[in-house]
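# Commentary on secondary and tertiary structure
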Amino acid sequence: MCGIFGYSGNKQAQGLVIQGLKHLEYRGYDSSGIAMQTHSHKILIEKTHGKIKNLEATLKNNPLSGTTAIGHTRWATHGIPTPENAHPHLNESDELAVVHNGIIENYFELKQALQKQGVRFRSETDTEVIVHLVAKYYKGNLEEAVRRTLKDLKGTYAIAVISSSEPGKIVAAKMDSPLVIGSTKKESYLASDISALLEHTNHVTFIENGDVVTMNQGSFSITDIAGKKISRPVMKIDWDITQAKKGGYQHFMLKEIFEQPGILTAILKERIRGGAIYFDELKITAAQFKKIKRIFIIACGTAYHAGLTAKYILEDLAGIPVSIDTSSEFRYRDPKVDKSTLVIVVSQSGETADTLAGLREAKAKGAMTLAICNVLASSIAREAKGVIYTHAGPEIAVASTKAFTAQLTVLSLFAFYLGALFKTISPKKEKALLKELLLTPHRIQKILDGYKKEEATWKKNVHNFNIHYHTQLEKYFSAKNHERKRSPNGLFLYLGRNINYPIALEGALKLKEIAYIPAEGYPAGEMKHGPIALIDENPWVICLVPESKTYDKMISNIQEIRARGGRIIPIVTEGDKKIERLNPVFTIEVPKTPEIFSPLLTVIPLQLFAYLVALEFGEDIDQPRNLAKSVTVE
Ligand code: M6R
């Protein structure tokens, strides 16, 4: 979490840093700040509570002039979001400034020791110890002082430090938090993520753990903690800057939902050639894959749901047992994996702390590891033995949409690849199913076109929910205390079976994270074992009921909900005749497709639905409260 940005060049730095931070705002947005090298012997800073636009507004009245600056957008870990706790942090004489992404685990001991030496702290953050340590060790060489400081730190960090005595210079270092640098002839940039660099350069260098970078107006050098020179490759990124802009959409989330057909078309075109599946970047050979006996998938959040859906597909097509865990559970429970296990780690950002730790745990146990990642050269992509990129382009909205369908498409293709390798799928079945998979982008487009046509109806239904919800609230609060049986039930239930059960989880997650409405995903068959007690006329029950082998079972479950007054919004295959008899609030149709690919379709209306509810409730869709895009702390 948190985003850092730095600029050293021949242009005014303020605007560039603000622009860079805006690209990184999805990583944290509770406060932000900038530190500027000026001609005076002090570093000037500006910090504000809230989003970058607040910082921008303050700077409009009080601009900072200079050509070397560092900036930060924060997701609070230590200390509440206030200007004092916002980064950058200064040393006591205001001659050094630091920005930091990560957590300094031994900050308390370091702080106590520094306080004993008389150092006065101005914030409650863990980060502030860094700048005081740099000050302690500073003898006219910033790089040396940073290197010495790193020896005292335990934890994770990407830091950037400037000194008023060394014009043009930024010293940065990394341990387990991402850091990427880019350079043009006269300018050097650093950022937490490539999306912030793309408008300046698409030639970037990823910094590794233990590296110390010194950059100065167009040049940079990398050394290790002992000061030995290191060379890191410059990589060309083919992401297009327009992908990181809203392009006329009201929100990134909506834009990313609508990008899905194009992304899936590109993935399928790249990976399926002459009827066979290719993963050119994969460093694991067919012979090595043949040795695996089971698969373990680890991931968090939406990536976990992609993994859970893929479990069904992998078991079906590749005939191999698949277990799955959320990364935070996997890493602390001594998982039973060994060299006959393929551990697949799924992550959009490739930086999620728990997933990275799970990957390391799996490697330590001798498992073969494969990353399914979106961000090129991210930590997870680099540390896994093999990697398959999802090539979904930058995903900016905190709520993941296009990354999910890209992950699921890649995992499906991987299931075909293993199926062919293990001979668990006949060439005839493979050919027929791939033909269907190739039609998926077109089918998603059909759903999106249908949504555009029916947008007014969707919005009306969502508005009705809002009215219903608020009427319930009013009734509750106007009732006398003893008449209040329980809090008003604005709950959404998402039900699915088999391969659409993970989609129920994903639909509920989307609604929770951007609309802040309690929502639960359940396997429909579990309703009778408890959750059906929630059903009265209040909850809205979204039922995933496309054509499938469990269709009739789903219909029975829906009947049980209707019999208790529950309202339903079914997602069905177009042409479904049975569902209208159950008197739904409204029905959403998706095109016909084999059950195995139905999640790629049924998830689309759920993404749109969550988007519309959040819009109706006036929430901050792209940057929901308390969240950040990359969860780089445990
Ligand atoms: O970058 P990752 O895919 O590893 O991120 C995992 C989760 O943090 C992420 O999917 C999160 O759940 C999303 N906000 C969900 O929309």
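Residues numbered from 1 in each chain as written. Predicted model: local features only at pLDDT ≥ 70, side-chain atom pairs only at ≥ 80, totals over all residues. Heavy atoms only, no water.

### A few points about the pairing of strand 25 (residues 540–545)
This is how the line gets drawn: Burial classification: accessible surface area is computed with a 1.4 Å probe over protein chains only, and a residue below 20% of its type maximum counts as buried, one above 50% as exposed, and the rest as partly exposed. The way it works is that DSSP assigns letters per residue, a run of H or I at least four long becomes a helix, a run of E at least two long becomes a strand, and they are numbered from the N terminus. Pairing between strands requires that DSSP locate at least two bridges from one strand to the other. Seen with the strands pointing away from the viewer, any crossover whose path from the first strand over the helix to the second strand runs clockwise is right-handed.
When you tally the buried positions in strand 25, you get six out of six residues, the bulk of the element. Here strand 23 (residues 492–496) pairs with strand 25 via four bridges, running parallel. The partner of Leu493 across the bridge, within strand 25, is Val541. Two elements, strand 25 and strand 26 (residues 567–573), share six bridges in a ladder whose sense is parallel. Bridge pairing in strand 26 places Val541 opposite Ile568. As for the winding sense of the linkage, the β-α-β connection from strand 25 through helix 18 (residues 551–562) to strand 26 is right-handed.

### Quick notes on the packing of aromatic side chains
The following threshold applies: Only Phe, Tyr and Trp rings are paired, with Trp represented by its six-membered ring, and only when their centres lie within 6.5 Å; those with planes under 30 degrees apart are stacked, over 60 edge-to-face, the remainder tilted. We call a charge positioned over a ring when the NZ of a Lys or the CZ of an Arg lies within 6 Å of the ring centre and within 35 degrees of the ring normal.
Applying the stated criterion across every chain yields a total of 20 aromatic pairs. Plain terms: the ring middles of Phe289 and Tyr417 are 5.9 Å apart, the flat faces sit at 80° to each other, and that makes the pair edge-to-face. Linking Phe289 in helix 8 (residues 286–290) with Tyr417 in helix 13 (residues 402–422), this pair joins segments that are 128 residues apart in sequence. Joined through ring pairs, the aromatic side chains of Phe465, Phe492, Tyr494, Trp540, Phe609 and Phe617 make up one cluster. Its end group placed over the ring of Tyr29, Lys51 keeps NZ or CZ at 5.1 Å from the ring centre. A cation sits over an aromatic face here: Arg625 above Tyr516, 4.0 Å from the ring centre.

### Details of the environment of Leu505
Here Leu505 is to be found in helix 17 (residues 501–515). According to the relative accessible area criterion, Leu505 is buried, its value standing at 17%. Considered as a pair, Leu505 and Leu308 are 197 residues apart in the sequence and their alpha carbons are 9.9 Å apart.

### Notes on the sheet that holds strand 15 (residues 235–236)
Here is the rule we go by: We call two residues contacting when some pair of their heavy atoms lies within 4.5 Å. Here an axis means a line fitted to C-alpha atoms, over the contact stretch when the element is a helix, while the angle between two N-to-C directions is reported on a 0 to 180 degree scale.
Spatially, the eight strands line up as an open sheet ordered 3-2-4-1-10-9-11-15, and their pairing is antiparallel. Edge positions in the sheet fall to strand 3 (43–49) and strand 15, since each of these pairs with one other strand and no more. The sheet contact formed by strand 1 (residues 3–8) and strand 10 (residues 188–191) spans four bridges and is antiparallel. When the sheet's bridge partners are listed, Ser8 is paired in strand 10 with Ser188. Helix 1 (residues 13–24) rests against strand 1, strand 2 (31–37), strand 4 (68–74) and strand 10 of the sheet, and its axis sits at about 155° to strand 1. Where helix 2 (residues 52–61) meets the sheet, its contacts fall on strand 2, strand 3 and strand 4, and the angle it forms with strand 3 comes to roughly 130°.

### Quick notes on the environment of Glu92
Selection rule: We define a polar contact as two N or O atoms separated by no more than 3.5 Å, with the added condition that, inside protein, one atom must be a possible hydrogen donor and the other a possible acceptor, whereas residues neighbouring each other in sequence contribute only through side-chain atom pairs.
Positionally, Glu92 belongs in the loop between strand 5 (89–90) and strand 6 (96–104). Classification of Glu92 as partly exposed rests on a relative accessible area of 34%. Separated by 418 residues in sequence, Glu92 and Lys510 place their C-alpha atoms 45 Å apart. Among the polar contacts listed, one links the side chain of Glu92 to the backbone nitrogen of Arg120, at a separation of 3.0 Å.

### A short note on unusual backbone geometry
Most peptide bonds take the trans configuration, and most residues that are not glycine carry a negative phi. Going from His87 to Pro88, the amide bond is cis rather than trans, its omega being 0°. Among the structural elements, Pro88 can be located in the loop between strand 4 and strand 5. The phi dihedral of Asp176 falls on the positive side, at around 70°, and the residue is not glycine. Locating Asp176 in the fold gives a position in the loop between strand 8 (169–175) and strand 9 (180–183).

### Re the site of the ligand
Quick reminder of the rule: When at least one non-hydrogen atom of a residue lies within 4 Å of a molecule or strand, that residue is treated as near it. Methods summary: accessible areas were calculated by the Shrake-Rupley approach with a probe of 1.4 Å, and residue burial reflects only the protein chains presented. Each residue gets one label: Ala, Val, Leu, Ile, Met, Phe, Trp, Tyr, Cys and Pro are nonpolar, Asp, Glu, Lys and Arg are charged, and the others, such as Gly, are polar. Domain start and stop points were drawn from an automatic or database domain assignment.
Close contacts around the ligand come from 15 residues, with Ser347, Gln348, Ser349, Thr352 and Glu513 the closest. Here a nitrogen atom of the ligand sits 3.0 Å away from a polar atom, N or O, in the main chain of Val398. In the model, an oxygen atom of the ligand is placed 2.3 Å from a nitrogen or oxygen of the Glu513 side chain. Burial of the ligand by the protein amounts to 90% of the accessible area it has alone, namely 410 Å². Counting only elements with at least two residues in the shell around the ligand, the list comes to helix 9 (301–318) and helix 17. Per-class residue counts for the shell around the ligand are six nonpolar, seven polar and two charged. Built from parts of two domains, the shell around the ligand gets at least three residues from each of domain 2 (252–438) and domain 3 (448–617).

### Overview of the nonpolar core
The condition is simple: Only buried residues count toward a nonpolar core, which is a set of Ala, Val, Leu, Ile, Met, Phe, Trp, Tyr and Cys residues joined through side-chain atoms within 4.5 Å.
One finds Phe289, Ile344 and Phe414 to be the most contacted residues of the largest nonpolar core, which totals 106 residues. When residues of this core are sorted by domain, at least three fall in each of domain 2 (252–438) and domain 3 (448–617). Ignoring sequence-local partners within four residues, the contact set of Ile344 consists of Ile295, Phe296, Ile297, Ile298, Leu314, Leu370, Ile372, Leu411 and Phe414. If you look at the next biggest cluster of nonpolar residues, it comprises 28 residues, including Tyr7, Ile18, Ile52 and Ala196.

### Digging into the state of the cysteines
Cut-off, in case you're wondering: Put simply, a disulfide is two cysteine sulfurs that come within 2.5 Å.
On inspection of all chains with the given rule, the structure shows zero disulfides. For Cys300, which is in no disulfide, the shortest distance to another cysteine sulfur is to Cys373 and amounts to 12 Å. Residue Cys300 is classed as partly exposed on the basis of its relative accessible area, which comes to 25%.

### Some details on the domain arrangement of the chain
Operational definition: A 1.4 Å probe defines the accessible area here, and the buried area is the portion of it lost by two parts on being joined, summed over both. One speaks of a salt bridge when a side-chain nitrogen belonging to Lys or Arg is within 4 Å of a carboxyl oxygen belonging to Asp or Glu.
For the chain, the assigned domains read domain 1 (3–243), domain 2 (252–438) and domain 3 (448–617). Each partner contributes residues to the interface: domain 1 has 14 residues there, and domain 2 has 14 residues. Between domain 1 and domain 2, a total of about 1,400 Å² is buried, with carbon and sulfur atoms accounting for 59% of that surface. Area buried by domain 1 at its contact with domain 2 is led by Tyr26, Trp239 and Gln243, which between them contribute 42% of it. In this assembly, domain 1 and domain 2 are joined by two salt bridges. Here Asp176 and Arg360 are joined by a salt bridge, their closest N and O atoms 2.9 Å apart.

### As for helix 13
This is how the line gets drawn: How far a helix is expected to stretch is found by multiplying one less than its residue total by 1.5 Å.
A rise of 1.5 Å per residue sets the reference length of helix 13, with its 21 residues, at 30 Å; its end C-alpha atoms lie 30 Å apart and thus fit the reference within 8%. The element helix 13 is largely enclosed, with a buried count of 19 among its 21 residues. With its phi angle positive at about 60°, Lys423 sits one or two positions after the end of helix 13.

### Some points on the packing of helix 15 (residues 440–453) against helix 19 (residues 598–616)
What counts here: Angles below 35 degrees are treated as roughly parallel, those above 145 as roughly antiparallel, those between 65 and 115 as roughly perpendicular, and all remaining angles as oblique. Here a crossing is taken to be left-handed if its near helix is turned anticlockwise relative to the far helix by less than a right angle, and right-handed if that turn runs clockwise.
For the pair helix 15 and helix 19, the least separation of the axes is 9 Å and the interaxial angle reads 30°. Regarding the angle of helix 15 to helix 19, the classification is roughly parallel. Once helix 15 is placed against helix 19, the crossing between them reads as right-handed. Contacts between helix 15 and helix 19 involve Thr440, Arg443, Ile444, Ile447, Leu448 and Tyr451 from the former and Leu600, Leu601, Ile604, Pro605, Leu608 and Leu612 from the latter. For the contact of helix 15 with helix 19, a count of residues per class yields ten nonpolar, one polar and one charged.

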